[in-house]
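Each chain, written out:
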Amino acid sequence: MRSDSEPTRWRGRVARGAAIAIGCAVILAFPAVADNPYMLTVGIGILNYAVLATAWNFVGGFTGYISLGHAALSGLGAYGTALLVTCAGLPSFVALFVAAALVTVLAIPIGAAALRVRGASFVIVSIALVLILLLVFQSWASLTGGSRGLVVPRPFPALHRAEHHRVFYFLFAALLAMALVAWWVIDRSRFGLGLKAIREDEDKSAALGIATFAGKLIAFVVSAAFTALGGGLYALWFGDLDPVFQFSVLTGSTVVLMALLGGVRHLFGPLVGAVIVGAGLEYGKLEFGDTPLHLVGTGVLLGGVVMFMPEGVIPALSGVLARWFAPREASIREVTAAVLLDSRREPPPRSASGEGPAEVDR
Amino acid sequence: MALVFQSLVLGVLLGGLYALLAAGLTLYFGVMRVVMIAHSAFLILAAYLAWYFHEVTELDPLLSLPITVPVFFAAGVAMQRLLLARLRPATRTMMSVLLTFSIALIIEGGLGYVFTGTQHRIQLGYSGTSLELFGARVAVVKLIAFALAAAALLALYLVMMKSRFGQALRATIQHPEAARLIGIQTERVAGYGFGLGLATAAIGGTALALDSTIYPSLHWRWIGPLMAIIVVGGLGSVPGTAIAAMVLGMLMSLLQIPLGTTWAQTVFYLALFATLAIRPQGFFGGRLAKRF
């Protein structure tokens, strides 16, 4: 049941359309406005993060499975692309898509193994995946170059540096648009509804006849495909790969931070988060240099988001806006059944250990 | 043969430390259903404190234990009361992973900022000495570390099984609602359980500082094996994790002979994935593990 009145809904639609148009214009106009190559590389970095965060959100946002290990998939995409160019001699962009296809196929067994477990175990598995790949790619130096790095030939040798950045800026923007459209399509589909049911209560949705395992696996594989494309495009742009940076739990968690900060239930949540965190990280690097303080900053921000804003900034901001502009509007906010139950429950004392009687140990 | 025996002994010594740390992780999981990613970061923090204590006072790093253990216990209680207990119960398992991960990042960054990223090592009078044990040469510091871990595990076992607090703690782990009904203040008990878990990290860190080189990002090398151990052992089962720690520690030590140190580490991850494929609730896992 929706209680939105007709004009409210219409106004919301216009506001949303205007916001999207402004967002597109800003993204497309950025290379023209940013006159020095440094700003352009910052923009590419943020778009790359936005692609990874949006790709992550296929799993994290729809099914609620939080993976700290998506760096494993982007790293595989990057190394796959690089190795196909250097060893197999494929043209750069053919290599990109072949590598992404390989990672997508590989994601089926990986996902099938990882998605057998829920909650905490799934996070552990995702971390383990990154750590094992880091180990393998560092040790197998004859193929990957180890920690000396792997140099990827540039796809457009004729272009000079600024042009190279400009081209890749638009390539990343196009990839981001593809990921966003795919997320939007799933979000509106019956399939997406099933995924969200998994997020709310996996056992109940299985009982209702939703193919939960297949749904989770498809979401994971789609997510892996976009993540691998993002990683491969990064390899072609940056041109130098090091296992420590490619297979890093830190990168994976930064991406999770971005998606959570923006709001995992929203199409543009990960993009907003990527802009905020990406710009913040870059500013921190300028201001404080390359000290370990950026770890502290990331940690404080992640902890703050988890403690105080687990729904992200988009719901928080839109709540504020709704209060300012439409005081009598009765809108339905999407909350989980569990959260609703929580808020209806008596105020504290909260149970100190677990979710109550459901967890009784028999 | 001597080489095999030698690595078997080293594997047991390493497995003891793993078992102690995994017991801490199991405690957190038992009382709160949270996976504490920051456990190994606290381990490295304790190792740094032991090293710094030695640098400043020139005393034996073992003497830092009377300071670090209570401090870590208090930090654990504070962490449970102020942070983890305030997460929404519905999403606590997932969100606690992120929260403790953020704490690990803060500790790593803080250590790197205060003590710089360079490697440190404690030099003691007995650092170089070793003992002959049935033909195997074992460094004295490794023996001390193992003794420390074994003593701490034994103390933990006695507290859990013999004391009144231990009974309350086990009741809270087994059945929180019923524990509340018979008058156990489960929230307070859960806080103390968390403190105990963090105290194991303090002891383990001191033991670690005795015989290894420490640097801020070292905790990444520990978190993977520890996570693998608690999954293989079954989340929530202390004896299960202890057995898994011993078995995997010995396996890694043995595999180091043909494979070298780096590839031998993969045994933890292979065991992890094999466990998931064959028995997702863990090999010694209790009933708790099935839901996670």
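Computed from a predicted model, the values in this text were never measured in an experiment. (Residues numbered from 1 in each chain as written. Chains lettered and ligands numbered in written order. Predicted model: local features only at pLDDT ≥ 70, side-chain atom pairs only at ≥ 80, totals over all residues.)

Trainee: Tell me what's going on with the overall build of chain B, and back it up with residues and numbers.
Mentor: When its secondary structure is counted, chain B shows 12 helices and two strands. Structurally, chain B occupies a C-alpha span of about 55 × 45 × 35 Å along its principal axes. Burial analysis of chain B (292 residues in total) assigns 55% to the buried set. In chain B, the share of contacts with a sequence separation of at least 24, taken over all contacts with a separation of at least 6, comes to 78%. (Helix = DSSP H or I, 4+ residues; strand = E, 2+ residues; numbered from the N terminus. Buried ≥ 20, exposed ≤ 12 C-beta atoms within 10 Å, placed from the backbone. Contact = placed C-beta atoms within 7 Å.)

Trainee: Go over the overall build of chain A, please, and point to the residues and values.
Mentor: From N to C terminus, chain A includes 16 helices and two strands. Scored against the burial criterion, the 362 residues of chain A give a buried share of 45%. Considering only contacts in chain A between residues 6 or more positions apart, those separated by 24 or more positions represent 78%.

Trainee: Which residues make up the confidence of the model for chain A, and what values go with them?
Mentor: Mean pLDDT over chain A: 84, with 88% of residues reaching 70 or higher. Contacts for the low-pLDDT stretch residues 348-362 of chain A, under 50 throughout, to residues beyond four places or in other chains number 32 contacts. (pLDDT = per-residue confidence, 0-100.)

Trainee: Please set out the interface of chain B and chain A residue by residue, giving values where relevant.
Mentor: Taken residue by residue, the interface counts 56 residues in chain B and 49 residues in chain A. Contributing elements (two or more residues each) for the side of chain B that touches chain A: helix H1 (2-32), helix H4 (92-115), helix H6 (164-174), helix H7 (176-181), helix H8 (186-211), helix H9 (219-233), helix H11 (261-264) and helix H12 (266-278) of chain B. When residues in the side of chain B that touches chain A are grouped by element, the largest group, 16 residues, is from H4(B). When grouped by side-chain class, the residues that make up the side of chain B that touches chain A number 33 nonpolar, 15 polar and eight charged. (Nonpolar A, V, L, I, M, F, W, Y, C, P; charged D, E, K, R; others polar.)

Trainee: Which residues make up the environment of A:Pro91, and what are the values?
Mentor: Its place among the elements puts A:Pro91 in the loop between helix H3 (70-86) and helix H4 (92-114). Along the sequence, A:Pro91 and A:Val249 sit 158 residues apart, while their C-alpha atoms lie 30 Å from each other.

Trainee: So what's going on with helix H5 (residues 119-139) of chain A? Residues and values would help.
Mentor: Here H5(A) spans 31 Å end to end across 21 residues, near enough to the 30 Å set by a 1.5 Å rise per residue. For H5(A), the tally of buried residues reaches 18 of 21 residues, placing the bulk of the element in the interior. (Expected span 1.5 Å × (residues − 1).)

Trainee: Break down the packing of helix H13 (residues 269-288) of chain A against helix H14 (residues 293-308) of chain A for me, with residues and values.
Mentor: Residue and element names in this part refer to chain A. For the pair H13 and H14, the least separation of the axes is 10 Å and the interaxial angle reads 145°. Both H13 and H14 take part in a crossing whose hand is right-handed. Of the residues in H14, those touching H13 at Leu281, Gly284, Lys285 and Phe288 are Leu293, His294 and Gly297. (Axes fitted to C-alpha atoms, helices over the stretch in contact; angles between N-to-C directions. Left-handed = near helix turned anticlockwise from the far one by under 90°.)

Trainee: Which residues make up the pairing of strand E2 (residues 136-139) of chain B, and what are the values?
Mentor: All names here are of chain B. Pairing geometry for strand E1 (residues 130-133) and E2, over four bridges, is antiparallel. The residue of E2 that forms the bridge with Leu133 is Ala136. In textbook terms, the turn of a hairpin is the stretch between consecutive antiparallel strands, and for E1 and E2 this stretch comprises two residues, one of which, Phe134, has a positive phi near 50°. (Pairing = 2+ DSSP bridges.)

Trainee: Lay out the environment of A:Ala219 with the relevant residues and their values.
Mentor: Residues and elements named next belong to chain A. In this fold, Ala219 is placed in helix H10 (residues 212-238). Given 26 C-beta atoms within 10 Å, Ala219 falls into the buried group. Measuring from C-alpha to C-alpha, the distance between Ala219 and Phe58 comes to 5.8 Å, with 161 residues separating the pair along the chain. Every residue in contact with Ala219, bar those within four places of it in the chain, is listed here: Phe58, Val59, Phe62, Thr63 and Leu195.

Trainee: I'd love a proper account of the packing of H1(B) against H9(B), names of residues and values included.
Mentor: Residues and elements named next belong to chain B. Where H1 contacts H9, the two axes come as close as 10 Å, and the packing angle between them is 70°. The orientation of H1 with respect to H9, classified from their angle, is roughly perpendicular. Seen along the crossing, H1 lies across H9 with a hand that is right-handed. The segment H1 lies against H9, with Tyr18, Leu21, Ala22, Leu25 and Thr26 engaging Pro225, Leu226, Ile229, Ile230 and Gly233. Broken down by class, the residue content of the contact of H1 with H9 amounts to eight nonpolar, two polar and no charged. (Parallel < 35°, antiparallel > 145°, perpendicular 65-115°, else oblique.)

Trainee: Could you give me a rundown of helix H8 (residues 190-200) of chain A, with the residues and numbers involved?
Mentor: Of the positions making up H8(A), those classed as buried are A:Gly194, A:Leu195, A:Lys196 and A:Ile198. Residues of H8(A) that are buried make contact with helix H9 (202-207) and H10 of chain A.

Trainee: Any details on unusual backbone geometry? Residues and values, ideally.
Mentor: Residue and element names in this part refer to chain B. Even without glycine at this site, Arg33 takes up a positive phi of about 55°. Looking at the element boundaries, Arg33 is found in the loop between H1 and helix H2 (39-57). In the Ramachandran plot, Glu58 falls in the positive-phi region, its phi being about 65° despite a non-glycine side chain. Residue position: Glu58 is located in the loop between H2 and helix H3 (65-82). The exposure class assigned to Glu58 is exposed, which follows from the 7 C-beta atoms found within 10 Å.

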